[in-house]
2 protein chains.
Amino acid sequence: MIALYLQPNSFKLESRRDIFQAIADPTRRAIITLIALQAMTPNAIAEHFDTSRQAVSKHLRILSECELISQKQKGREIYYQLELNKMKEIDKWLNQFRKIWETKFNQLDTVLANLKNKKK
Amino acid sequence: MIALYLQPNSFKLESRRDIFQAIADPTRRAIITLIALQAMTPNAIAEHFDTSRQAVSKHLRILSECELISQKQKGREIYYQLELNKMKEIDKWLNQFRKIWETKFNQLDTVLANLKNKKK
DNA sequence: ATATAATGCAATCATTTGGTTTCGCAAAAT
DNA sequence: ATTTTGCGAAACCAAATGATTGCATTATAT
């Protein structure tokens, strides 16, 4: 070991990943959809895309890192499956806005109700 | 049966920006939350962050490009406001998974109900 | 035991991203 | 009329991203 070797050449800080960054990529979103109902192996997944198996493997790693998917080893095959609970976190984030758009909808409701009453 | 919903309806022609790429950046998500309830000017928004006004301006442009926000000129000030309808597209995409996790929840319900019956 | 299949990892590369700095232009204030 | 304010656009730069290629490793098949 060399003590003064501060950082490896290809030092990539891939730790700041979060679900939002993960779903930003269209291929990753497609993968998510693909395995939503049924766990799949990397090879099987890669067959659905126009990129190399290794590229898909990288996407799977990124999705794994933020725990949007999990894996189950079966012999030499690895089945990747979607972690729905993690998907719910996106939903959670959306919730703050859902509150707003539902409120706006209710306000419209009120307006309509008032109009109706005035007609009487 | 749950249909595959790979991409939201609206597509950007000029750039490959989409809502998912837009919300991938934490600063942009913060901006979205910030102006959700009240339209704000770029300067006012920038005061909330540790970056330059110009950087915020860039974020606003990206958010505008994918129509997540809109602007209203008032003299020399520009008020940016959130487009909730566009936010709903994220919700729409999530919907396919919501169906699944609700189904799984129902299945769990059934299991619990069966256990309860067996106890009797 | 050896070959093959399924997979992950590292190096490399072009492109994209997010930031800064500098500038230009209107609207408002002086 | 001149200065200040609010803003976007362009040029530039370091870092991150997504893809490819070339391995290494382990499980299965022959």
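Residues numbered from 1 in each chain as written. Chains lettered and ligands numbered in written order. Predicted model: local features only at pLDDT ≥ 70, side-chain atom pairs only at ≥ 80, totals over all residues. Heavy atoms only, no water.

Enquirer: Explain the side chain of R98(A) to me, please; I cannot follow it from the model alone.
Expert: You can see R98(A) is positioned in helix 5 (residues 84–119). A polar side-chain atom of R98(A) sits 2.5 Å from a polar atom in the side chain of D91(B). Once you skip the residues sitting within four places of it in the chain, R98(A) turns out to touch D91(A), D91(B) and R98(B). (Helix = DSSP H or I, 4+ residues; strand = E, 2+ residues; numbered from the N terminus. Polar contact = N/O pair within 3.5 Å; in protein donor to acceptor, adjacent residues only side chain to side chain. Contact = heavy atoms within 4.5 Å.)

Enquirer: For this particular structure, what's the right way to read helix 4 (residues 53–65) of chain B?
Expert: Because an α-helix packs 3.6 residues into every turn, residues spaced three or four apart end up facing the same way. Residues and elements named next belong to chain B. Relative to the 18 Å expected for 13 residues at 1.5 Å per residue, helix 4 spans 18 Å between its end C-alpha atoms, a close match to the ideal helical length. Here helix 4 has its buried residues at V56, H59, L60, I62, L63 and S64. Just downstream of helix 4 lies E67, where phi reads positive at about 60 degrees. (Expected span 1.5 Å × (residues − 1). Buried < 20%, exposed > 50% of the residue type's maximum accessible area, 1.4 Å probe, protein only.)

Enquirer: Would you explain the protein's contact with DNA strand D in this entry?
Expert: Close contacts around DNA strand D come from 24 residues, with K58(A), H59(A), N43(B), R76(B) and Y80(B) the closest. For DNA strand D, the fraction of protein-proximal atoms (within 4 Å) that sit in sugar or phosphate groups is 55%. K58(A) has a polar side-chain atom sitting 2.6 Å from a base nitrogen of DNA strand D. Interatomic distance of 3.1 Å between a side-chain N/O atom of R53(B) and a base oxygen of DNA strand D. Residue assignment for the surface near DNA strand D shows that the elements contributing at least two residues are helix 4 (53–65) of chain A together with helix 3 (42–46), helix 4 and strand 2 (77–82) of chain B. Taken together, the residues of the surface near DNA strand D break down into four nonpolar, 10 polar and 10 charged. (Near = heavy atom within 4 Å. Nonpolar A, V, L, I, M, F, W, Y, C, P; charged D, E, K, R; others polar.)

Enquirer: Hey, could you run me through the protein's contact with DNA strand C in this one?
Expert: Close contacts around DNA strand C come from 25 residues, with R53(A), Y80(A), S52(B), K58(B) and H59(B) the closest. By atom count, sugar and phosphate contribute 59% of the portion of DNA strand C lying within 4 Å of the protein. Within the side chain of R53(A), an N or O atom sits 3.2 Å from a base oxygen of DNA strand C. H59(B) places a side-chain nitrogen or oxygen 2.4 Å from a phosphate oxygen of DNA strand C.

Enquirer: Would you take a moment to explain the packing of aromatic side chains for this structure?
Expert: Residues and elements named next belong to chain A. A complete count under the given rule lists four aromatic pairs over all chains for this structure. With centroids separated by 5.0 Å and ring planes inclined at 70 degrees, the aromatic side chains of W93 and F97 adopt a geometry described as edge-to-face. Taken together, the residues W93 and F97, both in helix 5 and four residues apart, mark about one turn of the helix. According to the relative accessible area criterion, F97 is buried, its value standing at 0%. Each residue in the set F20, W93 and F97 is aromatic and connected to the rest through ring pairs, giving one cluster. (Phe/Tyr/Trp six-rings, centres within 6.5 Å; stacked < 30°, edge-to-face > 60°.)

Without other data, these values stay purely geometric and don't point to any function.
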